[in-house]
Every structure is written in C-alpha cells, then in structure tokens.
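Okay, here's what each chain looks like letter by letter:
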Amino acid sequence: MSKVKLYACALMVLVGACWSPALRAGDGPIEINGLKFESWSEYTQSDYFRSNGKRCGFNAPEEEKDPFQESGDCPLYSTNPTAEYDPGDILTLQVVVHVLARKTGEGAVPDSLIHSQIDILNEDFLAIAGSNGEDGTYGGIQFVLASDDPDGNPTNGITRHSKYLWFLDAENYWDPLAWDPNRYINIYTNLASGYLGYVPWLPQNSPVGSNEDRIVVLHSAFGRNAPIGPPYDQGRTLTHEMGHYLGLWHTFDFGCGSDSLPTCYTSGDRICDTESEASNHFGCPVSSATCDTPDPIRNYMNYTDDLCMWEFTTEQVRRMRCTTEEYRGDLVDVATSVSGGSSGSSAGVFPVRAALHLENLPNPFNPVTEIRYRIPEAGPVRLDLFSPSGRLVRTLVNGVRNGGDHAIRWDGSDNAGLPVASGVYFSRLQAGGETITKRMALVR
Ligand SMILES: [Zn+2]
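Conventions we followed
- Residues numbered from 1 in each chain as written.
- Predicted model: local features only at pLDDT ≥ 70, side-chain atom pairs only at ≥ 80, totals over all residues.
- Heavy atoms only, no water.
- Helix = DSSP H or I, 4+ residues; strand = E, 2+ residues; numbered from the N terminus.
- Buried < 20%, exposed > 50% of the residue type's maximum accessible area, 1.4 Å probe, protein only.
- Contact = heavy atoms within 4.5 Å.
- Areas by Shrake-Rupley, 256 points an atom, 1.4 Å probe, with all protein chains shown as cover.
- Axes fitted to C-alpha atoms, helices over the stretch in contact; angles between N-to-C directions.
- Parallel < 35°, antiparallel > 145°, perpendicular 65-115°, else oblique.
- Left-handed = near helix turned anticlockwise from the far one by under 90°.
- Nonpolar A, V, L, I, M, F, W, Y, C, P; charged D, E, K, R; others polar.
- Polar contact = N/O pair within 3.5 Å; in protein donor to acceptor, adjacent residues only side chain to side chain.
- Phe/Tyr/Trp six-rings, centres within 6.5 Å; stacked < 30°, edge-to-face > 60°.
- Lys NZ or Arg CZ within 6 Å of the ring centre and 35° of its normal.
- Donors = N, O, S within 2.8 Å, 3.2 Å for Na, K, Ca; no water.
- Tetrahedral: all angles 85-135°; square planar, octahedral: opposite > 155°, others 65-115°.
- Pairing = 2+ DSSP bridges.
- Core = buried A, V, L, I, M, F, W, Y, C linked by side-chain atoms within 4.5 Å.
- Domains from an automatic or database assignment.
- Salt bridge = Lys/Arg side-chain N within 4 Å of Asp/Glu carboxyl O.
- 1 Å grid on protein atoms, 1.4 Å probe; cavity = no way out; pocket = protein on both sides within 12 Å on 5 of 7 lines; lining within 4 Å.
- Points joined across faces, edges and corners; volume = space filled by probe spheres on them.

A. Molecular detail of the overall build of the protein chain. When helices and strands are counted, the protein chain shows 8 helices and 15 strands. Considering the protein chain as a whole, with its 444 residues, one finds that 56% of them fall into the buried category. Nonlocal contacts in the protein chain, meaning residues at least 24 apart in sequence, comprise 63% of its contacts between residues at least 6 apart. Carbon and sulfur atoms make up 50% of the accessible area of the protein chain, which amounts to about 18100 Å² in all.

The following block contains the structure:
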C-alpha cells in the first residue's frame, strides 16, 4: 500500500470508513473495507451493500428528543403538515455541483450527465408528465444550476477539481470549495465513502449554512443512464438525498411508529400519509407489510431500485416546503421563483407540461375514489376514464373550469350508470392544449 493510500485510509478510519480506492477507472474491480468486488454492479447487488444500508449514508440518531418540546411546523421530531405548505409559488433553488475527480480522469462526471441529473430532480419534484417522475406528487420545487457565482460572476454552476484525497471523500474539501451554503445547494460527486449518497444531517439538526452543509453522491451514480448501471443509474440517489436535505426522514426511520392520527406526526418518519415501515427495502418488491399496513416501497425515501420508487407524498411535500421556508429560506432564488403556482413559464426553464396535475385517492380503490386535478388557468377541461383497451368508460368533466385545484368523485360506474369490473383504468385530463394520463386500480 502506498504512502498516499495509507494516509487516506488513516483519515477515513477517523470518519468510520476505510476506503481503498478503485483499482482502475471504469467498471473494474474495487475494494471496499477490505472486501473485493469485481465491479460496482456486483458491489451494489451484494449482501454487504444491502445489510450495511449502503444506498444512503444518512443515519437517524438513536435517541429521540421529546417532540412536544419543539416549536414550528416542521422541527426535527414532529410535523404539522397543514395545507398552507401546499405548492403555491414555485420555489427555485440554486445548485452548484463540485466534481471531485482523480488526475487519471476517474470520477470526472461530464457536463451532460450533470444536466440530466438536474432534469431528473425537476421531473421528480414537479411530477412532470411523460417522465419517470410523473406518478409522483407535484411539489412545486425546481432546481437550477447557478448562473452567478458567489462573487456575481457568470458560471455554469459546475466546479471541477482533481485531488486524490477529495476523490476518496477525505479531508474537509468543503472548506475551500463550498459556495455560500445559505444561498446554494452544494452537491459534491466523488466516492461518497462507499455509499451511493449521503447528507451529514437534516437541516433541523445542524448548523445550516456551514461549509459542511452538503449533499455527496457517488460519481458513477450521477445522472441519467449513469455509468454504475442498473438498478441505481436513473438519478434517484440525488432525489432521495435532496429529500433529506429538505428535512425528510427515511420512511423506515424509527421503525413502525404509530399509524393513527395524530401520533403518526410525532413517531416513525413523522409523516402520516407514508404508511409505517419497520425496515428498509431493497430491490423492487411487489408488496410488503412490516407493520400491518402496506409498506411505502415506492417512496423516494426508501432504498428500492431507482425505477421502483416514484413518489413523495402530499405530507412529505408539505414538510419539505415548510423546511425550505423555515430553515433554508435564503436558498430560494427570488429572481427566478414565480408566483401563481403551476403557471411557471416566466421562469424560463420551467416546462409548461408540468402545469397539469392529476391523481386519484385512494388508489387502489373500492368502489369510490376522488380524482384531483390542477389546471393552470381557466378554460375548457375534459376528464375521461378509459379501459386498458382504450374504450371510453366515463366522462367526468366536459366544460369550462377555473384555474387551480379541483376534485371529483368517481363511484366506479360507466356512462350508462352501470358498475364497471375490477381492473386497471386510465384517467385522462385535457386542458390548455396539454394532456396527462394516470393509472387507477379498481379492486372490488
Ligand atoms: Zn437516505
């Protein structure tokens, strides 16, 4: 072992992880904590990766404080997710990505992957139709690479550095590199101490705005079709870590907690509309129930495969927007944030197709469900339900509606008033020249 490697290892023992670096660039053999793996792919499929929870390096504290001693609507150990935190103004948050690579070029994430990763964040936080994030909940939070650096000079929002120890996630690289963490989300890519990603803390439990305030992501798991390969190559590592950065616990943190109101806001993950969960889930399970109710295996704050997770819940969105307001208010770029909810065209970077929103609750349902939709402005609206074969089952809305949020019940009957059979149906919303379609499951 070379002197440099020994030094790196000694440093990392101090932070609890002794990382020997990749032996060569690309998808070659790697060594982690003395264990050898033929490839990143083999590593992420290993028992070691799963049993040590290496998908994310954020750990909930073992001791909980009394949530009733806290104040505010979204402190560390409780949530008061009132509707006042529902998406109204679009919050625009500035990002700077610091790429920490080796001189050999290993870890030098290209600009194209960085841009695609920012796109993925927006798809997931805005539930953009037609993207992998479309089945999620509209969060009204968008991310842009910074266009001005801390000195006011133009920038592409990306900084690049070649230093071996920083690539190893060693040394306090944030001290020389961080851009004012009150104003910018500082994201670093490197070996991330053997995790796919991590944040050091939740903003409720930390010196927000210190140089250490950051998100770290494994360089090969950054961006769309990232080099690490399936199942962690679709950019959901950063979506998950951004959830922490904006105040969310894992869905499984603190175990089952309580499922009943209101104690579910002061136990488990402090959110009531994520079902209780005893432990994390890897892979892509069809269903699971570790606490008597269906586990939130599709939630971004779980550990499932990138393409098996696709939602923040309504209350998680409220907790994140509350956290942004109460703990990270200076991040919000006033110049580019827009008011008026989903009509974001004035932001310039905000896709108009995100303007429509459509969901039904509950789903699956028997036999009644409420279909909620949002349109950006007043105008003709049509909401139809179809069978999987494309047969029109029911027209629920066909007329002019005001801009904003609407809801309508469906009792499981067709246009003739007859009950339809169990199965999958599609709701289709058309307004303002845009169309959005969602799946629903009727289980009689
Ligand atoms: Zn996590």
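Back to the text.
B. Broad picture of the packing of helix α4 (residues 111–126) against helix α7 (residues 236–245). Relative orientation of the contacting elements α4 and α7 amounts to 60°, with a least axis distance of 9 Å. Relative to α7, the element α4 lies oblique. Pair α4 / α7 crosses with right-handed handedness. Between α4 and α7, the contacting residues are Gln117, Ile120, Leu121, Asp124 and Phe125 on the first element and Arg236, Leu238, Thr239, Met242 and Gly243 on the second. A breakdown of the residues in the contact of α4 with α7 according to their chemical character gives 5 nonpolar, 3 polar and 2 charged.

C. Local environment of the side chain of arginine 328. Note that arginine 328 resides in the loop between α8 (314–327) and β9 (357–361). Reaching out from arginine 328, the side chain makes a polar contact with the backbone oxygen of tyrosine 245 at a distance of 2.9 Å.

D. Expanded view of the packing of aromatic side chains. Inspection of the entire model under this criterion finds 21 aromatic pairs. When the ring of tyrosine 43 is compared with that of phenylalanine 49, the centres are 5.3 Å apart and the planes differ by 80°; the resulting orientation is edge-to-face. In this structure, tyrosine 43 and phenylalanine 49 share a single accessibility class: buried. Between phenylalanine 58 and tryptophan 249, the ring centres sit 6.1 Å apart and the planes meet at 45°, which makes this aromatic pair tilted. Here phenylalanine 58 is found in the loop between α3 (47–51) and β3 (91–101), whereas its partner tryptophan 249 is found in the loop between α7 and α8, with 191 residues between them in sequence. Like tryptophan 249, phenylalanine 58 is buried. The rings of Phe37, Trp40, Tyr43, Tyr48, Phe49, Tyr232, Phe252, Phe282 and Tyr303 are connected pair by pair, giving a single aromatic cluster. Directly above the ring of tyrosine 195 sits lysine 54, whose terminal nitrogen or CZ lies 4.4 Å from the centroid.

E. Quick peek at the coordination of the zinc ion. Coordination of the zinc ion by the protein is provided by Cys56 (SG), His240 (NE2), His244 (NE2) and His250 (NE2), with metal-donor distances spanning 2.0 to 2.2 Å. Viewed at the metal, the 4 donor atoms of the zinc ion are separated by angles of 96 to 120°, and the geometry they form is tetrahedral. Within one chain, the residues donating to the zinc ion are spaced in sequence as C-x183-H-x3-H-x5-H. With histidine 240 in helix α7 and histidine 250 in the loop between α7 and α8, this pair connects stretches of sequence that are 10 residues apart. For the pair formed by histidine 240 and histidine 250, the shared burial category is buried.

F. Focus on the sheet that holds β9. On the basis of which strands lie adjacent, the open sheet formed by 3 strands has the order β9-β10-β13 and antiparallel pairing. Edge strands, defined here as strands with exactly one partner in the open sheet, are β9 and β13 (404–410). Strand-to-strand, the axes of this sheet are offset by a mean angle of 20°, without reference to chain direction. In this structure, β9 lies alongside strand β10 (residues 369–375), joined through 5 bridges in antiparallel fashion. In the strand pairing of β10, histidine 357 is matched with arginine 374.

G. Layout of the nonpolar core. Phe143, Ile185 and Met242 are the most contacted members of the largest nonpolar core, which has 72 residues in total. It is β3 that provides the largest number of residues to this core, a total of 6 residues. Residue-level mapping places this core at the junction of two domains, with at least three residues from each of domain 1 (3–50) and domain 2 (70–331). If we ignore the near neighbours within four places in the chain, the residues touching phenylalanine 143 are Leu93, Val95, Ile118, Leu121, Asn122, Phe125, Ile185, Met242 and Leu246. Ranked by size, the runner-up nonpolar core spans 21 residues in total, among them Ile371, Ile375, Val381 and Trp410.

H. Main features of the pattern of salt bridges. Scanning all chains against the criterion turns up 15 salt bridges. We note a salt bridge from glutamate 106 to arginine 102, for which the minimum N-O separation is 3.1 Å. Accessibility assignment for this pair places glutamate 106 and arginine 102 in one class, buried. Linking glutamate 123 and arginine 224 is a salt bridge whose minimum nitrogen-to-oxygen distance equals 2.7 Å. A residue pair is termed long-range when its members are at least 10 positions apart, and glutamate 123 in helix α4 and arginine 224 in the loop between β8 (215–218) and α7 qualify at 101 residues. Taking the relative accessible area as the measure of exposure, arginine 224 reaches 27% and is therefore partly exposed. Members of the salt-bridge network, linked through shared partners, are Arg382, Asp384 and Arg428.

I. Quick look at the layout of surface pockets. As a volume, the largest pocket reaches approximately 1200 Å³. Around the largest pocket, the lining is made up of 34 residues, and of these Arg298, Trp310, Glu311, Asn363 and Pro364 lie nearest the centre. Elements that contribute at least two residues to the lining of the largest pocket include exactly β9 and β15 (434–442). Residue composition of the lining of the largest pocket, by class: 14 nonpolar, 9 polar and 11 charged. Split by domain, the residues of the lining of the largest pocket number at least three in each of domain 2 (70–331) and domain 3 (356–442).

Nothing here speaks to function; it is geometry throughout.
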